[in-house]
Amino acid sequence: MNQVVPSNKRGSHELATTEDHEDFVTMFIEGQMFGIPVLVVQDVLGPQKITRIPLAPPEVAGSLNLRGRIVTAIDVRLRLKLPQKKTEIGAGMSVVVDMKGELYSLRVDQVGEVLSLPAAKFERNPPTLDTLWREFSTGIYRLEGKLLVILDVPRLLDFTKSEAI
Amino acid sequence: MDDLLTEFLTETGESLATLDVELVKLEQNPAPQILSNIFRLVHTIKGTCGFLGLPRLEAVAHAGENVLGKFRDGELQVTPAAVTLILASIDRIKMILNHIEQTETEPEGDDKDLIAALNAHAEGRDVAPPPAAAAPPPAPAPAPAPAPAPAATPEPVAAAPAPVPAPAPVPAPAPVAATPEPEEHAAPALPAQVAQQQVAAAGAAAANQESALAAQTIRVNVELLENLMTLVSELVLTRNQLLQMVRGKDDSEFATPLQRLSHITTDLQEGVMKTRMQPIGNAWAKLPRIVRDLSVETHKKIDLQMLGAETELDRQVLELIKDPLTHMVRNSADHGLEMPEDRKKAGKSEVGKIVLNAFHEGGHIIIEIADDGRGLGIQRIRNKAISNGLATESEIEQMSDQQIAQFIFRAGFSTAEKVTSVSGRGVGMDVVKTNIEKIGGTIELKTIDGKGTTFTIKIPLTLAIVSALIVECAGERFAVPQISVLELVRTTATSEHGIEVINSAPVLRLRDRLLPLVSLRTLLRLADSAEEQAETFIVVTQVGNYTFGIIVDRVFDTEEIVVKPVAPILRHINMFSGNTILGDGSVIMILDPNGIAGGTGEMAAVDNQQAAGAAASRGETRAEDQQSMLVFRAGNSDLKAVPLALIARLEEIDVTDIEASHGKPVVQYRGKLMPLVTIDSSFSMKTEGQQPVLVFSDHEHTMGLAVDEIVDIVEEQLKIELAVNKPGLIGTAVVSGKATDIIDAGFYLTQAWGDWFGSDKDSRKTQEGLRVLLVDDSPFFRNLLTPLLSVAGYEVTSVESADKALTLRDNGSTFDVIISDIEMPGMNGFEFAEAVRNDGPWSGLPMVALSSHATEQDFERGREVGFTDYVAKFDRDALLQTLAQTLSTKGAV
């Protein structure tokens, strides 16, 4: 008897979440540690040649070529309303994320390691958290001695809601 | 969802689309072929419904089939009422199908009313007369667009207009493998196969016909094609990179294989692009039905003509323009075309025409939507614009009709008196324009009150890979689509093509036009340059009918680039239409000429108008007196000039060839003796080397005017400032900004011949003693033509105005022929001609018009008012010939 057997498409989430741990790529901006779910991160880049985009919002540093794909470079410091660093645009590390098929590179001060953290420890944003972080954060993890702020990447890249241009 | 059901929905959906078109065709022309097509389609639907257990559908289809059967058997006539009824049943089926698609079950309720109506009609019981004014559209003119092929035949490798979820193999075997929708399974289950064959059997008749065709075509999932397209784009990019790398090295072993690769890539690119091309008829498919319904609803008679339906364009583009096109056709039907009675009163035929015309032109597809209705109603638009606060009274005053018409593209603008279900809500045209511009197209309109309106849409044929000119500004590079670039102009601080500033807007004088300019630096707010630019380049760009120039620092070369859309956060910047990666790996933005034109927009539009106005008034006088002048020096350092038109050739004569005759210099020139004349006695010819000579010639006579040097040839508006009473000189004018003496060519001509050939007047034949009246306000021309005509043997009287001429007439002077200028202050040539012809002793005289304007309309006008002939001012030969002809005809009569 003929029967159609559907091919087993493994859910993409199976790998990353082992039971109740989630993996994050950590990075530093202005001394504060941030984290982005590892599944969202495509690449970590070193210094890049960035083309300026005239008339773009100031948080958009420009665009760069990543293996044939055009990636929009975002200056996260500006997005977080932090003072801009005096270094060259394009110098420094950046984390490339994929948002709805578009690639964005988030420029940070430093990129740290990948941490695997138990989901249970994930907390809502405490009221003491700086308002700046709070707007773009989904929550925090308390690690020894420091706070890891989990970045809300869609929010970060959503320029329409905020007061951009 | 069940495979079977899905296939059923797809196929039936297509059948219904076909039915719409076929029914409209049937209404216009009840041919048995169309009828049996329709019957078969409905019969198939009924059969399948029954098989699948969809009773409601089956009932409706059955009732419809009944009526159609009666048509086919000739028992019932195909009337508009009947067709409306059938169309209603089609709509009902569509509705039910929709519901099934959402919920997999038929909707609650039944169609007793519809079925009863259908049955009543079938039995001839309903006596309702067809709605009064819904007269059937008249016998069709050129056939409406070819309907999409009957459902069973898949389009050749193209997606059908309705979104295609999965490929449905037509009648027989081997289902074509293609990417299935997520809900479906890869391989059709056996029950599906069985059902397929059932369906196939049910539609046997159709199937047989189309199976032959089906074998040559194949259904492919659209996503697959999109992927292919992207891959090919990447391939092109990589090829460009390779080419760039090899470009430097002349002797590389890679050169030849790379060349081959390049050709193949280009061919592949073209091939894949073709797979995405679809005939525009697909977008037009629904229109006949829509127009028919509109015509019934609005009680108007409408004839829809679709030309060029086979013109192909990219599928993506097709999807995007479908709605705009429909919207515009509805507008034409609803607002543009008048009621039949009004049309009759206006002297038009009762049937309004809407014509769709599509064709390719230079890398674009042009789509025209024209109607012969009442036009847009400029007055109403004017009022609406003012009342909506879009412009002030004074601004409107300055605008031309066509400019005012543009207001309809503003959001929220609608001059419809009432909002109908069809249109009038004012959300239409701005969306249409935006959609069209999104794909890089333009839309223009032309409207004439009372005559009709025509929209012209121009869309680039390919979206993905374009040729672009790479330019640089403030150290940054940008790409400009080659298709919009007309030319490049290089300007330096000292060049003649300088950038001028009129009303604080930079413009460039390019040939005979003033070109508004925009600085890319300013527009994109780039860094200011530290030093003055030694040279700048202007990219002359055209968007629709608007031409302007973009100022950039440098221009590189043209490259084929792959257009990638900008990131969503940058989409609102309308200066850019995308970005791309160049051969060297750098990312650059692609400029959008539309957006840039918009940037110059408000600021330039007003300035442009004023500048244009200034230029126009200058231009008018220019056209009037604009002449090509040859500027030279002879005898001293003063500049002299003569109309270029009089000069036959510029020569350099070897002094050794100059001989003497009767003490005067001559030279053997082209087999004849040509006398050489000097400007005045102070001039001495060269004694060695080459002597520059301006050669004038007239019939068999040639004369050479010796000069020192030829300075320039310029186009200039000739205005004699200082008149001079010296023989050989007419006066002084400003030519190229310098005071220049204008010589009297006629004087020198007579100098050469008068003394020289002595009494050759006798050798003149029939024109002897004939009297010519020359009317021209310009002393220059009178001066020029009088000697010309005298030498030809006429007796010339010249006057400076038509009034003076008429005074002569009233005083009793008579002539044999009148030559008159057209552009004169006071009474112009046309009016003069009318005055002469209307009454008086001269009414029978031949009149020749002389003018620097020589268009068809001018000729027409000339003939209308009574001129016997029309000659261009500078064509001396033509003038003499015309005179001779005119007079000889007169003589013959």
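Residues numbered from 1 in each chain as written. Chains lettered and ligands numbered in written order. Predicted model: local features only at pLDDT ≥ 70, side-chain atom pairs only at ≥ 80, totals over all residues. Heavy atoms only, no water.

Colleague: I'm lost on the overall build of chain B in this one. Help?
Modeller: Counting its regular elements, chain B contains 25 helices and 35 strands. Counting every position in chain B, which comprises 893 residues, the buried fraction comes to 47%. Taking the contacts inside chain B whose residues are at least 6 apart along the sequence as the reference set, 66% of them involve residues at least 24 apart. Total accessible area computed for chain B in this model is approximately 42,300 Å², and 53% of it derives from carbon and sulfur atoms. (Helix = DSSP H or I, 4+ residues; strand = E, 2+ residues; numbered from the N terminus. Buried < 20%, exposed > 50% of the residue type's maximum accessible area, 1.4 Å probe, protein only. Contact = heavy atoms within 4.5 Å. Areas by Shrake-Rupley, 256 points an atom, 1.4 Å probe, with all protein chains shown as cover.)

Colleague: I'm lost on the sheet that holds strand 6 (residues 442-448) of chain B in this one. Help?
Modeller: The strands making up a sheet associate through hydrogen bonds between their backbones, and the pairing can be parallel or antiparallel. Residue and element names in this part refer to chain B. Reading across from one edge, 2-4-5-7-6 is the order of the five strands in this open sheet, with mixed pairing throughout. A strand with exactly one partner marks an edge of an open sheet, and here the two such strands are strand 2 (302-307) and strand 6. Put simply, the sheet's adjacent strands are angled 10° from each other on average, direction ignored. Of the pairings in the sheet, the one linking strand 4 (residues 352-361) to strand 5 (residues 364-371) comprises eight bridges and is antiparallel in character. Along strand 5, the bridge assignment pairs Ile354 with Asp371. (Pairing = 2+ DSSP bridges. Axes fitted to C-alpha atoms, helices over the stretch in contact; angles between N-to-C directions.)

Colleague: How should I be thinking about the nonpolar core in this particular structure?
Modeller: As a rule of thumb, nonpolar side chains are buried together in soluble globular proteins. Counting residues in hydrophobic clusters, the biggest one holds 57 residues, and the most contacted among them are Leu80 of chain A together with Phe478, Leu520, Leu570, Phe576 and Ile596 of chain B. The residues touching Leu570 of chain B, leaving out its near neighbours within four places in the chain, are Ile53, Ala56, Pro57, Val60 and Thr72 of chain A. (Core = buried A, V, L, I, M, F, W, Y, C linked by side-chain atoms within 4.5 Å.)

Colleague: I tried to follow a negative patch on the surface on my own but got confused; where do I start?
Modeller: Residue and element names in this part refer to chain B. Where like charges cluster on the molecular surface, the negative patch consists of Glu831, Glu834, Glu856, Glu860 and Glu864. Of all the secondary structure elements, the ones that give two or more residues to the negative patch are helix 23 (829-838) and helix 24 (856-865). For the negative patch, the element with the highest residue contribution is helix 24, accounting for three residues. One can find Glu860 in helix 24. (Patch = residues over 30% accessible without salt bridge, like charges linked within 9 Å, V, L, I, M, F, W, Y side chains within 5 Å. Salt bridge = Lys/Arg side-chain N within 4 Å of Asp/Glu carboxyl O. Lys, Arg positive; Asp, Glu negative; His and termini not counted. Charge placed at Lys NZ, Arg CZ, Asp CG, Glu CD.)

Colleague: Looking at this model, I keep getting lost on the environment of Ala505 of chain B. Mind explaining?
Modeller: Assignment of secondary structure puts Ala505 of chain B in strand 12 (residues 505-510). Spatially, the C-alpha atoms of Ala505 of chain B and Leu517 of chain B are 7.5 Å apart, while their sequence positions differ by 12 residues.

Colleague: Is there a simple way to think about the pattern of salt bridges in this case?
Modeller: As a working rule, side chains carrying opposite charge can pair if their charged atoms are close by. All names here are of chain B. Tallying each qualifying case throughout the model produces 31 salt bridges over all chains. For the salt bridge of Asp372 with Arg343, the shortest nitrogen-to-oxygen distance reads 3.0 Å. In this pair, Asp372 is assigned in the loop between strand 5 and helix 14 (378-387) and Arg343 in helix 13 (residues 340-345), connecting sequence segments 29 residues apart. It is possible to trace a salt-bridge network through shared partners that takes in Asp20, Glu27, Asp91, Lys94, Arg289, Arg292 and Asp293.

Colleague: Is there a simple way to think about the interface of chain A and chain B in this case?
Modeller: Interface size, as often reported, equals the accessible area lost upon joining of the parts. In this assembly, 23 residues from chain A lie in contact with 27 residues from chain B. Interface area for chain A against chain B, summed over the two sides, is near 2,000 Å², with a carbon-plus-sulfur share of 68%. On inspection of chain A and its partner chain B, the count reaches one salt bridge. A salt bridge links Arg52 of chain A to Glu476 of chain B, with the shortest nitrogen-to-oxygen separation between them at 3.1 Å. A per-class count over the side of chain A that touches chain B returns 14 nonpolar, five polar and four charged. (Buried area = accessible area lost by both parts, 1.4 Å probe. Nonpolar A, V, L, I, M, F, W, Y, C, P; charged D, E, K, R; others polar.)

Colleague: What's the story with the sheet that holds strand 10 (residues 146-151) of chain A in this structure? I'm lost.
Modeller: Residue and element names in this part refer to chain A. Read from one edge of the open sheet, five strands run 8-1-2-10-9, paired in mixed fashion. The sheet is open, and its two edges are formed by strand 8 (110-118) and strand 9 (137-143), each paired on a single side. Between one strand axis and the next, the sheet turns by 35° as a mean value, whatever way the strands run. As paired elements, strand 2 (residues 32-37) and strand 10 share three bridges and run parallel to each other. The partner of Gly35 across the bridge, within strand 10, is Ile150.

Colleague: Quick question: what am I supposed to make of unusual backbone geometry here?
Modeller: Residue and element names in this part refer to chain B. Although it is not a glycine, Glu104 adopts a positive phi angle of roughly 65°. As for its position among the elements, Glu104 is in the loop between helix 4 (80-103) and helix 5 (112-122). A positive phi angle is found at Arg525, which is not glycine, with a value near 55°. Tracing the sequence through the fold places Arg525 in the loop between helix 18 (520-523) and strand 14 (535-543). The exposure class of Arg525 is exposed, given its relative accessible area of 67%.

Colleague: Hey, could you run me through the packing of aromatic side chains in this one?
Modeller: Two descriptors summarise a pair of aromatic rings, namely the distance from one centre to the other and the angle between the planes of the rings. Residues and elements named next belong to chain B. What the rule picks out here adds up to three aromatic pairs over all chains. Relative to Trp842, the ring of Phe815 has its centre 5.8 Å away and its plane inclined at 75°; by these criteria the two rings are edge-to-face. Here the residue Phe815 occupies a position in the loop between helix 22 (802-810) and strand 33 (817-821), and Trp842 occupies one in the loop between helix 23 and strand 34 (847-851), the gap between them amounting to 27 residues. Here Phe815 falls in the buried class, since its relative accessible area comes to 7%. The exposure class of Trp842 is buried, given its relative accessible area of 1%. (Phe/Tyr/Trp six-rings, centres within 6.5 Å; stacked < 30°, edge-to-face > 60°.)

Colleague: When you look at a nonpolar patch on the surface in this model, what are you seeing that I'm missing?
Modeller: There is a patch of nonpolar side chains on the surface, built from Leu242, Met245 and Leu261 of chain B and spanning about 250 Å² of accessible area. On the secondary structure map, Met245 of chain B appears in helix 8 (residues 222-248).

Colleague: Even after reading the chapter, I still don't get helix 23 of chain B, so can you show me in this structure?
Modeller: Along an α-helix, residues three or four apart share an orientation, since each turn contains 3.6 residues. Residues and elements named next belong to chain B. Turning to helix 23, its buried residues are Gly829, Phe830, Phe832, Ala833, Ala835 and Val836. Check the buried side of helix 23 and you find it contacts strand 31 (771-775), helix 22, strand 33, strand 34, helix 24 and strand 35 (869-872). Its side-chain oxygen at 2.9 Å from the backbone nitrogen of Phe830, Asn828 defines the N-terminal cap of helix 23. Count one or two residues on from helix 23 and you reach Gly840, which has phi positive near 105°. (Polar contact = N/O pair within 3.5 Å; in protein donor to acceptor, adjacent residues only side chain to side chain.)

Colleague: Would you take a moment to explain the environment of Asp314 of chain B for this structure?
Modeller: Mapped onto the elements of the fold, Asp314 of chain B is located in strand 3 (residues 312-314). For Asp314 of chain B, a relative accessible area of 4% translates into the label buried.

Colleague: Honestly, the packing of helix 11 (residues 287-298) of chain B against helix 12 (residues 315-336) of chain B in this entry has me stumped. Any pointers?
Modeller: Packed helices, taken two at a time, are described by the angle their axes make and the gap between the axes. Residue and element names in this part refer to chain B. In the contact formed by helix 11 and helix 12, the axes pass within 10 Å of each other and the chain directions differ by 25°. With respect to helix 12, the element helix 11 is oriented roughly parallel. For the crossing formed where helix 11 meets helix 12, the hand is right-handed. Contact residues: Leu287, Ile290, Val291, Leu294 and Thr298 in helix 11; Thr326, Val329, Arg330, Ala333 and Asp334 in helix 12. Partitioning the contact of helix 11 with helix 12 into residue classes produces six nonpolar, two polar and two charged. (Parallel < 35°, antiparallel > 145°, perpendicular 65-115°, else oblique. Left-handed = near helix turned anticlockwise from the far one by under 90°.)

Colleague: Explain the confidence of the model for chain B here, please?
Modeller: If pLDDT is low for a region, its predicted coordinates should not be looked at in detail. Residues and elements named next belong to chain B. Considering every residue of chain B, the mean pLDDT works out to 75; 77% of them sit at 70 or more. The weakest mean pLDDT in chain B belongs to helix 6 (residues 190-202) at 41; the strongest belongs to strand 9 (residues 476-481) at 92. Confidence over residues 127-214 falls short of pLDDT 50; this stretch has 106 contacts with residues more than four positions distant or in other chains. Scored below 50 in pLDDT, residues 602-625 makes 30 contacts in the model with residues more than four places away or belonging to other chains. The ipTM value of the predicted complex is 0.81, and its pTM value is 0.44. (pLDDT = per-residue confidence, 0-100.)

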